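Summary of structural features
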Amino acid sequence: VNIGANDVANSMATSVASGALTIKKAVFVAAFFDVIGAILVGAHVANTIRKGLVDPLHFAETPNLFLYGMLAAVLGSALWVNIATYFKLPVSTTHSIVGGVLGFGLVSVGFAGIHWNIVIYIVLSWIISPVFGGLVSYVIFTIIRKSILESRSPIEKAKKIGPFFVGIVVFVLVMAIICKGLKNLHLDFSFIESFFISCTVGAVAYFIGYILLRKYKEKQKDQYYQVEQMAIPLQILAASVKAFSHGANDVANAIGPVAAIVAVIRTHEVSMQVPVSPWLLIVGGLGLGFGAYIWGHRVIETVGEKITAITPTRGFAAEFGTAVSVLTCTRLGMPVSTTHVAIGNIIGVGLARGVSAINLSVMKKIFAAWIISVPVAGLFSAALYGLFIFIFGV
């Protein structure tokens, strides 16, 4: 619920800021695609969070301690994310749960019990993904700006180039869903099969976009305004892809540790190989959607309106860049920070118009919250772990 409340801004803030969606519609769309992404693709990253950071074999003789630790990690990180959402700060829920798991791990099994190679792998993904996403968004918006917005006839150019963007967005969404993402539904397509199916669906989307855009009749208004209005459906589509990718990646932040807890309760032992049950992904996805609906508006205001000015074309570039980055990392099992990627992409779009387009004072507050996420969540987790042992014993 806390992840949904804080992270809904990552996928929907730019759509609200550009006027493409109202807040109510935005949180509904985000909730729906979060649930679908969590159920269809969520298990890949859940395994990294559950068993990748702290070696479960250290708790072979005391499985209850592992249970307490994972519960402390979930509650400690949730507490920090709740505080951040109250202050309208977009923080990394991935940072938070990683900090929570590390916090209980350090006080329970010590420095040697942590898989530091996995930690380094995750930290590198936090650095690489926003840079990669920001570059993607920068390139996309630069193409839109130079080929459409700065042309002599922007509407005609939009009619020619727009269908390509529609096809690419649909291709990415379908590829993300079917390429090894349907195992929970007992469907398993190879990469080649997924690629050809996605190309086919993307081609159909291209032709639909071509037909619809050709029917658009130019009005006696500012052409740039009309192009931005034409971009609204594409921005909503890109936002939906991003919400799907968020559900796929960030459901693991809550469900990974919970899967470990459920396994200990069922078997009374700690195992390295425990499947993440589909019902857990459903519960996690519904939690994301519920949190987005009841409290998502708070962080949307900061991300969508206070970093840089957003229009539908800029919003599309930022959202599509984020979706590509997060989905790629999800397929690799890397629990990237959707927040970092989203903010990096919004900055990338802003930088396409110069540094002056970025609100640096707001960025300082956001960066400060990012820096303290891991240690604060870790401290909360360690404290709760000690409390559970004090109350329930070993």
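Throughout what follows, the structure given in this document is the object of discussion. (Residues numbered from 1 in each chain as written. Predicted model: local features only at pLDDT ≥ 70, side-chain atom pairs only at ≥ 80, totals over all residues. Heavy atoms only, no water.)

**A look at the overall build of the protein**
When helices and strands are tallied, the protein shows 15 helices and zero strands. Its C-alpha atoms give the protein a radius of gyration of 21 Å, within 12% of the compact-globule value 21 Å for 394 residues. Along the first, second and third principal axes, the C-alpha atoms of the protein reach 75 × 50 × 35 Å. The buried share of the protein, reckoned over its 394 residues, is 58%. Taking as baseline every contact in the protein between residues at least 6 positions apart, the subset at least 24 positions apart corresponds to 85%. Working note: accessible area of the protein is about 16600 Å², and carbon and sulfur atoms make up 71% of it. When the 27 positive and 16 negative side-chain charges of the protein are each reduced to one mean point, those points stand 9 Å apart. (Helix = DSSP H or I, 4+ residues; strand = E, 2+ residues; numbered from the N terminus. Rg over C-alpha atoms; globule rule 2.2 N^0.38 Å. Buried < 20%, exposed > 50% of the residue type's maximum accessible area, 1.4 Å probe, protein only. Contact = heavy atoms within 4.5 Å. Areas by Shrake-Rupley, 256 points an atom, 1.4 Å probe, with all protein chains shown as cover. Lys, Arg positive; Asp, Glu negative; His and termini not counted. Charge placed at Lys NZ, Arg CZ, Asp CG, Glu CD.)

**Remarks on unusual backbone geometry**
Phi at lysine 88 takes a positive value of approximately 60 degrees, unusual for a residue other than glycine. Here lysine 88 shows up in the loop between helix H4 (63-86) and helix H5 (93-108). You can call lysine 88 partly exposed: its relative accessible area is 26%. Of note in the backbone geometry, histidine 268 takes a positive phi value of approximately 60 degrees without being a glycine. Within the element layout of this structure, histidine 268 appears in the loop between helix H10 (232-267) and helix H11 (278-295). Judged by relative accessible area, histidine 268 falls into the exposed class, the value being 64%.

**Examining the packing of helix H2 (residues 23-41) against H11**
Relative orientation of the contacting elements H2 and H11 amounts to 165 degrees, with a least axis distance of 8 Å. When the axes of H2 and H11 are compared, the pair comes out roughly antiparallel. Here the hand of the crossing between H2 and H11 comes out right-handed. Facing H2, whose interface residues are Val27, Ala31, Asp34, Val35, Ala38 and Ile39, H11 presents Leu281, Ile282, Gly285, Leu286, Leu288, Gly289, Ala292 and Tyr293. The residue inventory of the contact of H2 with H11, partitioned by class, reads 11 nonpolar, two polar and one charged. (Axes fitted to C-alpha atoms, helices over the stretch in contact; angles between N-to-C directions. Parallel < 35°, antiparallel > 145°, perpendicular 65-115°, else oblique. Left-handed = near helix turned anticlockwise from the far one by under 90°. Nonpolar A, V, L, I, M, F, W, Y, C, P; charged D, E, K, R; others polar.)

**Quick word on the layout of surface pockets**
What the largest pocket holds in volume is close to 420 Å³. Considering the residues around the largest pocket, the lining is formed by 20 residues, among which Val166, Leu213, Met230, Ala231 and Leu234 are closest to the centre. Per-element accounting of the lining of the largest pocket gives the leading share, five residues, to helix H8 (residues 191-214). Of the residues assigned to the lining of the largest pocket, the class counts are 17 nonpolar, three polar and no charged. As a volume, the second largest pocket reaches approximately 330 Å³. Val1, Asn2, Ile3, Val74 and Ala254 are the residues nearest the centre of the second largest pocket, which is lined by 20 residues in total. Those elements that place two or more of their residues in the lining of the second largest pocket are helix H1 (2-17), H4, H5, H10 and H11. Class assignment of the residues belonging to the lining of the second largest pocket gives a composition of 13 nonpolar, seven polar and no charged. (1 Å grid on protein atoms, 1.4 Å probe; cavity = no way out; pocket = protein on both sides within 12 Å on 5 of 7 lines; lining within 4 Å. Points joined across faces, edges and corners; volume = space filled by probe spheres on them.)

**Focus: the packing of aromatic side chains**
Tallied over the full model, the rule gives 15 aromatic pairs. When the centroid spacing of 5.4 Å and the interplanar angle of 75 degrees are considered together, the rings of phenylalanine 165 and phenylalanine 316 count as edge-to-face. Of this pair, phenylalanine 165 sits in helix H7 (residues 154-178) while phenylalanine 316 sits in helix H13 (residues 312-331), and the two are 151 residues apart along the sequence. One aromatic cluster is present, built from ring pairs that chain together Phe59, Phe66, Phe104 and Tyr385. Above the plane of the ring of tyrosine 86 lies arginine 298, whose end atom (NZ or CZ) is 5.4 Å from the centre. (Phe/Tyr/Trp six-rings, centres within 6.5 Å; stacked < 30°, edge-to-face > 60°. Lys NZ or Arg CZ within 6 Å of the ring centre and 35° of its normal.)

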